[in-house]
Amino acid sequence: MTTATASSEILRPPLVEGGKTYGQITDDICAPMEKRPPLGWFVAFTVAGLALLWGVIMVTDLIWTGVGTWGLNKTVSWGFAITDFVFWVGIGHAGTLISAILLLFRQKWRTAINRSAEAMTIFAVMCAGLNPLLHMGRIWRGLYWLFPYYPNTMGPLFVNFRSPLLWDVFAVSTYLTISLLFWYMGLLPDLATAAAHAKGAIRRFIFRTLSLGWSGSARTWRNHEKASLLLAGLATPLVLSVHTVVSMDFACAIVPGWHSTIFPPFFVAGAIFSGFAMVLTLLTLSREFLGFKDYITLKHIDAMAKVTLLTSMIVSMAYLTETLIGWYSANTFERFYFINAATGPYRYCYWTQMLCNVVAPQFFWFKKFRRSPVVAFIISIFINIGMWLERFNIIVIGLHRDFLTSSWTMYHPTYVDWGLLIGLFGLFFTCFLLFSRSLPMIAMSEIKHVLSSEKHGEKQHA
Amino acid sequence: MPNKNLVGIFDSDEKMLHAAQKAKDLGLSASDAYTPFPIHGIDEILELKPSILPKVCFFGGATGLLTAFTLQYWVHAVYWPMNIGGKSFTAYPAMVPICFELTVLFAGVSTFFAFLFLRGMHPFKTSPFWGLQTENNKFALVFDLESESKAEKVSSLLNQEGALEIREIIE
């Protein structure tokens, strides 16, 4: 027993640093909710709020005028909105990966970051879902176009269940629902902890109500653990299905550069890649500004950097494969897509994408860079830009020069397109900043559990 | 009828687990434990039955699958059949994605609400075991008091095992 404990101490540095007690964990994690936030928070909140406000104004313009106010035309009929949709759904994937898949693999390091990663998923999927709705032009008809209902008052037809776009509706709404339930399930014990820790009666009442009367009895814990495991088991294939279905929006079409069987795994890897980059962005910032350095340690940054590097390699491999198959297919249009991407009018976007997604993550081969929050933050920003551009390139370069040379044209985003992009970032960061102040940002019960098993030198319990 | 409980409050999960095991050996079985995180090993000592949630999840998922299949089949083959490219009205491979999504949706939603229902949880629930800081850093072991003689044995055991405090809570 003692040898096992000793060797595990040598092999694995502790996940929670600073020799905390259970009470200190509660104090530390409840602290940002209970005291005045630092100046940086107010600055960030103001910027995010202004971006959101600008987005609201632009969306009002969009709904008032119609999608003609975007830079779209007959040839390039999908632009920023669909790019944003794929980008934000992809961001969401890392949250589910961290919370569900790493739970199934019993990776204990996830405990410090899963709560905020799950919150990120929910906010990102909200941002994603807005795009197709706005793209419909007449969003007040959304119910009729998106969901089957009976009796159908708008005509005899139902939605087309054979269209990948409809699969998307089901995939994204299921994903949002399951992510919310999973997140709330994990929050229940921590809401009770926040209630017990709260000083004021109103605050205690709110948290007590939100915790649905959580008492932490052994029977509740037993069912809670089982339910969390089941939800994780459901979320794991779900997350893979969501980006698969998103990729089918493209792969099922005949547009060159879209019509490709590699898309489902390529999109899933890209989603995890971009999502981990966003988690790195958010966590390097929040550990710095919210005082969570003992919980989100350099080991966590290191682990996330490794996943980012791995998925970067998968994505790079997919770029190569795609290009090779484009040449090998001997299809003129398919070959032209890649030549046009690399040398055509959007070549800057294409090469920036390659620089950000293929070259930038290579720094993570070195431990020194993986363990540096500053480097991790900078590279994560590169990847965020690169992955947004990747979706833009797939959509716009694929469409703007297709089969008929007479219909070739360019897509120039208008200020309303940009307004939507800015507004979505505003929405995402506003939600995340509010979350960081109002709910326990780290899963306290799970951290205590990890601490307990580290104390007792247990290895296999999770 | 009000139920009398004797509660021993500990500051470590190890001590609580040890006390629970000792009590079980002496034939004074504890009825429940309130803790800030799940304690492994307490389930066996308290002899808790396995959760029925996996079954609920399975039947929820099966309902979702059946719903998705019926809905798509009915729309495309019964209610308003449409000839699209000469394909069969019942082309089931195209139904797979929605069947999968609704299976997951129904299974997840039913598991979540079954959990709340099983534990009787709702926003206005109150519990007599609140205020012991078991959500924070304390570990409470609960004994159901059927007789006065048990109370004495239990409290001497709890004292011996290093309980910080012993309380009587009426449920």
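Because the structure is a prediction, the values reported are computed rather than measured. (Residues numbered from 1 in each chain as written. Chains lettered and ligands numbered in written order. Predicted model: local features only at pLDDT ≥ 70, side-chain atom pairs only at ≥ 80, totals over all residues. Heavy atoms only, no water.)

Caption draft 1: How the structure looks around the overall build of chain B. Within chain B, the secondary structure is distributed over five helices and four strands. Radius of gyration (C-alpha) of chain B: 25 Å, far over the 16 Å computed for a compact globule of 171 residues. Structurally, chain B occupies a C-alpha span of about 80 × 30 × 30 Å along its principal axes. Per-residue burial over chain B gives 44% buried out of 171 residues. Partitioning the intrachain contacts of chain B with sequence separation of at least 6 by distance along the chain shows that 80% fall at a separation of at least 24. When the accessible area of chain B is evaluated, it comes to approximately 8800 Å², of which 62% is carbon and sulfur surface. Mean positive and mean negative side-chain charge positions of chain B (13 and 18 charges, respectively) differ by 5 Å. (Helix = DSSP H or I, 4+ residues; strand = E, 2+ residues; numbered from the N terminus. Rg over C-alpha atoms; globule rule 2.2 N^0.38 Å. Buried < 20%, exposed > 50% of the residue type's maximum accessible area, 1.4 Å probe, protein only. Contact = heavy atoms within 4.5 Å. Areas by Shrake-Rupley, 256 points an atom, 1.4 Å probe, with all protein chains shown as cover. Lys, Arg positive; Asp, Glu negative; His and termini not counted. Charge placed at Lys NZ, Arg CZ, Asp CG, Glu CD.)

Caption draft 2: Structural view of the overall build of chain A. Across its full length, chain A carries 17 helices and zero strands. Expected size for 462 residues packed as a compact globule is a radius of gyration near 23 Å; at 23 Å, chain A falls within 12% of this value. The C-alpha extent of chain A, read off along each of the three principal axes, is 75 × 55 × 40 Å. Residues classed as buried in chain A amount to 58% of the 462 residues present. In chain A, 81% of the contacts between residues at least 6 apart in sequence involve partners at least 24 apart. Surface summary for chain A: the accessible area is close to 19000 Å², and the carbon and sulfur share equals 71%.

Caption draft 3: Region of the structure containing the domain arrangement of chain B. Once the domains are mapped, chain B shows domain 1 (4–50 + 125–170) and domain 2 (53–118). Summarising the inter-unit geometry, the C-alpha centres of domain 1 of chain B and domain 2 of chain B are found 45 Å apart. (Domains from an automatic or database assignment.)

Caption draft 4: Inspection of the sheet that holds strand β2 (residues 32–34) of chain B at higher detail. All names here are of chain B. The strand order across the open sheet formed by four strands is β2-β3-β1-β4, and the pairing between neighbours is antiparallel. Edge positions in the sheet fall to β2 and β4 (165–170), since each has one partner strand and no second. Geometrically, the sheet is characterised by an average inter-axis angle of 25° between neighbouring strands, direction not taken into account. Two strands pair when backbone bridges link them, and strand β1 (residues 4–10) and β4 are joined in this way by six bridges, in the antiparallel orientation. Note on β4: the bridge partner recorded for Asn-5 is Ile-169. Where helix α1 (residues 13–25) meets the sheet, it contacts β1, β2 and β3 (139–144), and its direction lies at approximately 20° from that of β3. (Pairing = 2+ DSSP bridges. Axes fitted to C-alpha atoms, helices over the stretch in contact; angles between N-to-C directions.)

Caption draft 5: Spatial organisation of the nonpolar core. Trp88(A), Met120(A), Phe250(A), Phe428(A), Ile42(B), Phe115(B) and Leu141(B) are the most contacted members of the largest nonpolar core, which has 185 residues in total. For this core, the leading source of residues is helix α7 (residues 164–197) of chain A, giving 18 residues. When residues of this core are sorted by domain, at least three fall in each of domain 1 (4–50 + 125–170) and domain 2 (53–118) of chain B. Core analysis: the second largest hydrophobic core is formed by eight residues, Phe129(B), Leu132(B), Val142(B) and Ile169(B) among them. (Core = buried A, V, L, I, M, F, W, Y, C linked by side-chain atoms within 4.5 Å.)

Caption draft 6: Just the pairing of β3(B), in detail. All names here are of chain B. Judged by how many residues are buried, β3 sits mostly within the fold: five of six residues are covered. Relative to β3, β1 runs antiparallel, the two sharing six bridges. Bridge assignment links Leu-6 to a residue of β3, and that residue is Phe-143.

Caption draft 7: Spotlight on unusual backbone geometry. Residue and element names in this part refer to chain B. Phi at Glu-47 takes a positive value of approximately 55°, unusual for a residue other than glycine. Within the secondary structure layout, Glu-47 lies in the loop between α2 (42–46) and α3 (53–79). Judged by relative accessible area, which is 58%, Glu-47 ranks as exposed. Even without being a glycine, Gln-133 presents a positive backbone phi close to 60°. Residue Gln-133 is classed as partly exposed on the basis of its relative accessible area, which comes to 28%.

Caption draft 8: Representation of the confidence of the model for chain A. Across chain A, the average pLDDT comes to 87, with 94% of residues at or above 70. Every residue in residues 458–462 of chain A scores below 50 in pLDDT, and together they form 11 contacts with partners more than four places removed in sequence or on other chains. (pLDDT = per-residue confidence, 0-100.)

Caption draft 9: Geometry of the pattern of salt bridges. Applying the stated criterion across every chain yields a total of 14 salt bridges over all chains. The closest approach of N and O atoms between Asp302(A) and Arg371(A), which form a salt bridge, is 3.6 Å. With Asp302(A) in helix α11 (residues 298–328) and Arg371(A) in the loop between α14 (367–370) and α15 (373–400), this residue pair connects regions lying 69 residues apart in the sequence. Residue Arg371(A) is classed as partly exposed on the basis of its relative accessible area of 31%. Put simply, Lys22(B) and Glu161(B) hold a salt bridge, and the shortest N to O gap is 3.4 Å. Of this pair, Lys22(B) sits in helix α1 while Glu161(B) is found in the loop between α5 (148–160) and β4, placing the two residues 139 residues apart along the sequence. On the basis of relative accessible area, Glu161(B) is assigned to the buried category, the value being 12%. One connected set of salt bridges, linked through shared partners, spans Asp302(A), Lys306(A), Arg370(A) and Arg371(A). (Salt bridge = Lys/Arg side-chain N within 4 Å of Asp/Glu carboxyl O.)

Caption draft 10: Quick look at the environment of Trp70(A). Residues and elements named next belong to chain A. Within the secondary structure layout, Trp-70 lies in the loop between α3 (39–65) and α4 (80–104). Placed 170 residues apart in sequence, Trp-70 and Leu-240 show a C-alpha to C-alpha distance of 32 Å. For Trp-70, the residues in contact, after removing those within four places along its chain, are Leu-62, Ala-81, Leu-134, His-135, Thr-414, Val-416, Asp-417 and Leu-420.

Caption draft 11: Representation of the packing of aromatic side chains within the structure. Scanning the model with the defined rule gives 45 aromatic pairs over all chains in all. Centre to centre, the rings of Tyr346(A) and Phe392(A) are 5.9 Å apart; their planes meet at 75°, and the pair counts as edge-to-face. With a gap of 46 residues between them, Tyr346(A) in the loop between α12 (332–343) and α13 (347–359) and Phe392(A) in helix α15 connect regions that are remote in the sequence. With a relative accessible area of 6%, Phe392(A) lands in the buried category. Considering the side-chain rings of Phe366(A) and Phe369(A), the 6.0 Å spacing of their centres and the 85° angle between planes classify their relative orientation as edge-to-face. Phe366(A) sits in the partly exposed class, given a relative accessible area of 49%. The rings of Phe87(A), Trp88(A), Phe123(A), Trp183(A), Phe425(A), Phe428(A), Phe429(A), Phe432(A) and Phe435(A) are connected pair by pair, giving a single aromatic cluster. Over the face of the ring belonging to Trp130(B) we find Arg208(A), whose NZ or CZ atom lies 3.6 Å from the ring centre. (Phe/Tyr/Trp six-rings, centres within 6.5 Å; stacked < 30°, edge-to-face > 60°. Lys NZ or Arg CZ within 6 Å of the ring centre and 35° of its normal.)

Caption draft 12: Structural context of α12(A). The terminal C-alpha atoms of α12(A), which comprises 12 residues, lie 16 Å apart, in line with the 16 Å expected from a rise of 1.5 Å per residue. Glu334(A), Tyr337(A), Phe338(A), Asn340(A), Ala341(A) and Ala342(A) are the residues of α12(A) that are buried. (Expected span 1.5 Å × (residues − 1).)

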